[in-house]
Amino acid sequence: MNLVWGFLLIPLAAICVIPFLNLKGKAIAVYMAVSFIAILTSFVAVKALMGESFNLILQGSFISGPIRLQVDALSAWFILIINFTFLTGGFYGLFYMSAYQNQPKNLTLQAILFVLLYPALVSLCFIQNGFAFIIAWEIMALSAFLSVIFEHEKAATIKAGINFIIQSHVSLVFLMIGFIWVASQTGTYDFEAIHTYALANVGVTSLWLFAVFFIGFAIKAGFVPFHTWLPYAHPAAPSHISGIMSGVLIKIGIFGILRMLLLIPVDYLVVGVIILFIGLFSGIYGIMMAILQHNLKKILAYSSVENIGIIGIGIGLGCIGLGTNNPVLISLGFAGALLHILNHSLFKSLLFFAAGNVYQATHSLDIEKMGGLIKKMPQTALLFLIAALAISGLPPFNGFISEFILYTGLFGLITNASVVSMLGIIFTITGLVLIGGLAIFCFTKAFSVVFLGNARHTFHHHVKEVSKFQLLPLYFIVILLVFIGLFPKIFLDILIKPVQLFTNLQQLPFNSFQGNGIETMLSVSNSSLYFILLIISIFGIRKLLLRKKTVTVSSTWGCGYTAPTHKIQYTGSSFSRTYSQLFGFLFRIERKEKLPKGIFPAKAHLETNSYDKVEKWLIDFPITNLKLFMGRFLFFQNGKLQFYILYGIVFIISIISLPILYEQIILLIDFLKQL
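Within every chain, residues take consecutive numbers counted from 1 along the sequence as written. In keeping with the predicted nature of the model, local features appear solely for residues at pLDDT of at least 70, side-chain atom pairs appear and are counted solely at 80 or more, and the whole-chain, interface and lining totals rest on all residues. Only hydrogens and water are set aside when side-chain values are computed; all heavy atoms of the structure are taken into account.

S.K.: Which residues make up the overall build of the protein chain, and what values go with them?
M.R.: Scanning the protein chain from terminus to terminus reveals 25 helices and four strands. In terms of overall size, the protein chain behaves like a compact globule, its C-alpha atoms giving a radius of gyration of 28 Å where 675 residues would be expected to give roughly 26 Å. Along the longest, intermediate and shortest principal axes, the C-alpha atoms of the protein chain span 110 × 75 × 65 Å. For every residue, the accessible area (1.4 Å probe, protein chains only) is compared with the maximum for its type, and the residue is labelled buried under 20%, exposed over 50%, or partly exposed between those bounds. Across the 675 residues in the protein chain, those meeting the buried criterion constitute 50%. Working rule for contacts: check all heavy atoms of both residues, and any pair within 4.5 Å makes them a contact. In the protein chain, the proportion of contacts linking residues at least 24 apart, taken out of those at least 6 apart, comes to 79%. Using a 1.4 Å probe, the Shrake-Rupley method yields the accessible areas, and only the shown protein chains count as cover for residues. When the accessible surface of the protein chain is totalled, it reaches about 32,100 Å², and 70% of it is carbon and sulfur. Charge convention: Lys and Arg are scored as positive, Asp and Glu as negative, and His as well as the terminal groups of each chain are ignored. Taken as the charge centre is NZ of Lys, CZ of Arg, CG of Asp or CD of Glu, depending on the residue. Here the protein chain holds 41 positive side-chain charges and 23 negative ones, and the gap between their average locations is 15 Å. The helix count covers DSSP runs of H or I at least four residues long, the strand count covers runs of E at least two residues long, and both are numbered beginning at the N terminus. The quantity called the radius of gyration is restricted to C-alpha atoms. Its globule counterpart is 2.2 Å times the number of residues to the power 0.38.

The following block contains the structure:
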């Protein structure tokens, strides 16, 4: 109970103190609050991962009933991920937001929102009461919304914020339907009632109940077609908020799906195939859309959709394992998904923080205006490159480990598979390969266009590297990112407890992470470690040998071009031109193109802008038709006062008449019954 009081009082005290402090004091108060909450919750989470669950029942109210709190291994895994992301993101934000010192009121609000958002996210991991869960969910949504619209003077930012809050509340509606549905049948909002009700109604009812919760959580997670808020919210938000939203906020949707899988017994084979397909489609669609973007943070936003799809593939595999009673597949599927949740939180927050550095240096996110930044921002370029390699699933980084586990699970499915299942497995493997290949293509474009070559635009200010303190949390992320890639078995061992919740094999020796191709992954990690040590040794020897020699640096051969210009290098549009021509029929691409003509062409121009077709069909089309329908009633709003008075009189008469009319209808029905 002392831990709970500490968890509640620390953010409350920080919120009360922050408005009365100067800018430096606000920053210290925010980070102290985040650090203390992280220490408290990490203490409980580590114990839960070691097998000691945390359980507490609060009195609640007559509406909510008793509020049960529980930290099991699944909650603990997510809590630790949230803690690390907020600690690094909060530290980065202290220096990122210093550029807005001339907006003290906005900074005060931003500090309060950060302190609110963090405990709201963490509390969602251990609240076991639907009513309290909804309240925490709403606090999270409102805090994130107000954080996104920090630069509220921009129309695009307000549009992004409204888009985010509307879709967050659509998500909330589905969750409320699920919780109220169960509460109306059981009389309690406790999560255990969901399990009890689903057990008593196994079949279509439990499947529909799971579907309602799945849609609610999938909107927050960003699965296609529920992803359309991400490409707007991430670019609009401050970069430390973007990193946190992509790193952990969307993962709370994944947490909800996993929690419901533990609570609601369904036909896991059917659910697994559906989630696998949704994940595969989200992964392919997300990365294909990312390639077409010119806004750096929009590229990263669509990439988040891709990685949510990869996590969905893992969850789908785990569910198929549950449906076919295959413990190895359950272990590999859920372990791959859970590890990729951690991995994605690391390299995606690192990418957003690096993108924030670029934005502060150039005041732009348009990659077509960049180029050659590696010369002026070498550390940011290196950090972005490492994160890009990790997100592409290349060794020796962490993304390779989680994706390898998923591949292992897929290849394990082939054994004893029917012809139809074999085709599905091959299709899924091909899709995962396609996702990986397109990810390499996407981040090759992003890194090369932004950091390599020559500047494409003349900035009217000095472009320079950010401070070393702002870079410090990024290096902490890199250390963990590389450590997972080199020593994956440590994290697989930590994942045993969370995965055991799904296997129901707590009393048996858990050895699914031994064999089954895992040794190959470990050998790749070991080889990578030796390769890194070899490279370090070579550079050390080179530096030792050249320490007393003069090293000359000269220009690279210009391939015959005596007057090179930035116009002869690839832009973002030209880099992906062939790709957009091949797959343009799948997307809505607006192309402005003037091809070069003649031996000495005077001008050539290529500009492409893509628009999300899913957004056009799912959001724009219904809204347009609704506007057309409502437009038919504009004659009511004619600007004449006498008509508005008439509307009021009609409304009052209707209110008075309806109860009388209702009574007369009841009397008529009773009379007809007597006949």
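Additional details are given in the paragraphs that follow.
S.K.: Go over the domain arrangement of the protein chain, please, and point to the residues and values.
M.R.: Each assigned domain of the protein chain is listed here: domain 1 (588-595 + 603-632) and domain 2 (639-674). Throughout, the edges of the domains are those of an automatic or database domain assignment. Taken over C-alpha atoms, the centre of domain 1 sits 45 Å from the centre of domain 2.

S.K.: Describe the environment of S610, naming the residues involved and giving the relevant values.
M.R.: Here S610 is to be found in strand β4 (residues 605-611). Remark: the alpha-carbon pair of S610 and L634, spanning 24 residues in sequence, is separated by 34 Å. Setting aside anything within four residues of it in sequence, one finds S610 in contact with M289, L292, Q293, R588 and I589. Side-chain polar atoms of S610 contact the side chain of Q293, separated by 3.0 Å. Within 3.5 Å is the distance limit for a polar contact, defined as a pair of N or O atoms, with the added protein rule that one can donate a hydrogen and the other accept it, and that residues adjacent in sequence qualify only through two side-chain atoms.

S.K.: Quick rundown of helix α17 (residues 419-451)? Include the residues and the values.
M.R.: Every helix has an expected span of 1.5 Å times one less than the residues it contains. The end-to-end C-alpha separation of α17 is 48 Å, in line with the 48 Å expected for 33 residues at 1.5 Å each. Immediately downstream of α17, the backbone of G453 shows phi near 75°, a positive value.

S.K.: I'd like to hear about the pattern of salt bridges, residue by residue, with values.
M.R.: For salt bridges, the criterion is a side-chain nitrogen of Lys or Arg within 4 Å of an Asp or Glu carboxyl oxygen. Taken as a whole and judged by the stated rule, the model has five salt bridges. Linking D72 and R259 is a salt bridge whose minimum nitrogen-to-oxygen distance equals 2.9 Å. Taken as a pair, D72 in the loop between β2 (65-71) and α3 (73-96) and R259 in helix α11 (residues 251-263) lie far apart in primary sequence, 187 residues in all.

S.K.: Any details on the packing of α3 against helix α18 (residues 468-486)? Residues and values, ideally.
M.R.: In a pair of packed helices, the angle between the axes and the distance between the axes together describe the arrangement. The angle between two axes is taken between their N-to-C directions and runs from 0 to 180 degrees, where each axis is a line fitted to C-alpha atoms and a helix contributes only its stretch in contact. Axis separation between α3 and α18 bottoms out at 7 Å; the angle between their running directions is 160°. The orientation of α3 with respect to α18, classified from their angle, is roughly antiparallel. At the point where α3 passes α18, the crossing takes the left-handed sense. Residue-level contacts link F84, T88, F91, Y92, F95 and Y96 of α3 to F469, Q470, L472, P473, L474, F476, I477 and L480 of α18. Of the residues that constitute the contact of α3 with α18, the class distribution is twelve nonpolar, two polar and no charged. The scheme is simple: roughly parallel for angles under 35 degrees, roughly antiparallel for over 145, roughly perpendicular for 65 to 115, oblique for anything else. In this scheme the handedness of a crossing depends on how the near helix is turned from the far one: anticlockwise by less than a right angle means left-handed, clockwise means right-handed. Nonpolar residues are Ala, Val, Leu, Ile, Met, Phe, Trp, Tyr, Cys and Pro. Charged residues are Asp, Glu, Lys and Arg, and all others, Gly as well, are polar.

S.K.: Run through the side chain of S345, naming residues and quoting values.
M.R.: Tracing the backbone through its elements, the reader meets S345 in helix α14 (residues 327-362). By relative accessible area, S345 is classed as buried at 1%. A distance of 2.6 Å separates a polar side-chain atom of S345 from the backbone oxygen of L342. Dropping the residues within four chain positions of it, S345 is found in contact with I81, T85, G247 and K251.

S.K.: So what's going on with α14? Which residues, and what values?
M.R.: Three- or four-residue spacings in an α-helix give side chains the same orientation, since the helix completes a turn every 3.6 residues. In a regular helix each residue adds 1.5 Å, so 36 residues correspond to 52 Å; α14 covers 51 Å between its end C-alpha atoms and thus fits that length. Taken across its 36 residues, α14 has 34 buried, putting it largely inside the fold. Taken from the residues just after α14, H363 is the one with a positive phi, measuring 60°.

S.K.: Any details on the packing of aromatic side chains? Residues and values, ideally.
M.R.: We call Phe, Tyr and Trp rings a pair once their centres come within 6.5 Å, taking the six-membered ring for Trp, and we label the pair stacked below 30 degrees between planes, edge-to-face above 60, and tilted otherwise. In this structure the tally under the stated criterion is 39 aromatic pairs. Here F86 and Y118 contribute two aromatic rings whose centre-to-centre distance is 4.6 Å and whose plane-to-plane angle is 25°, an arrangement assigned as stacked. Linking F86 in helix α3 with Y118 in helix α4 (residues 104-124), this pair joins segments that are 32 residues apart in sequence. Take F86 and Y118: they sit in the same class, and that class is buried. Geometrically, the ring pair formed by F441 and Y579 is tilted, given 5.9 Å between the ring centres and 40° between the ring planes. One end of the pair, F441, is in helix α17; the other, Y579, is in helix α23 (residues 577-583), and 138 residues separate them in sequence. Residue F441 is classed as partly exposed on the basis of its relative accessible area, which comes to 26%. The buried category is assigned to Y579, whose relative accessible area is 7%.

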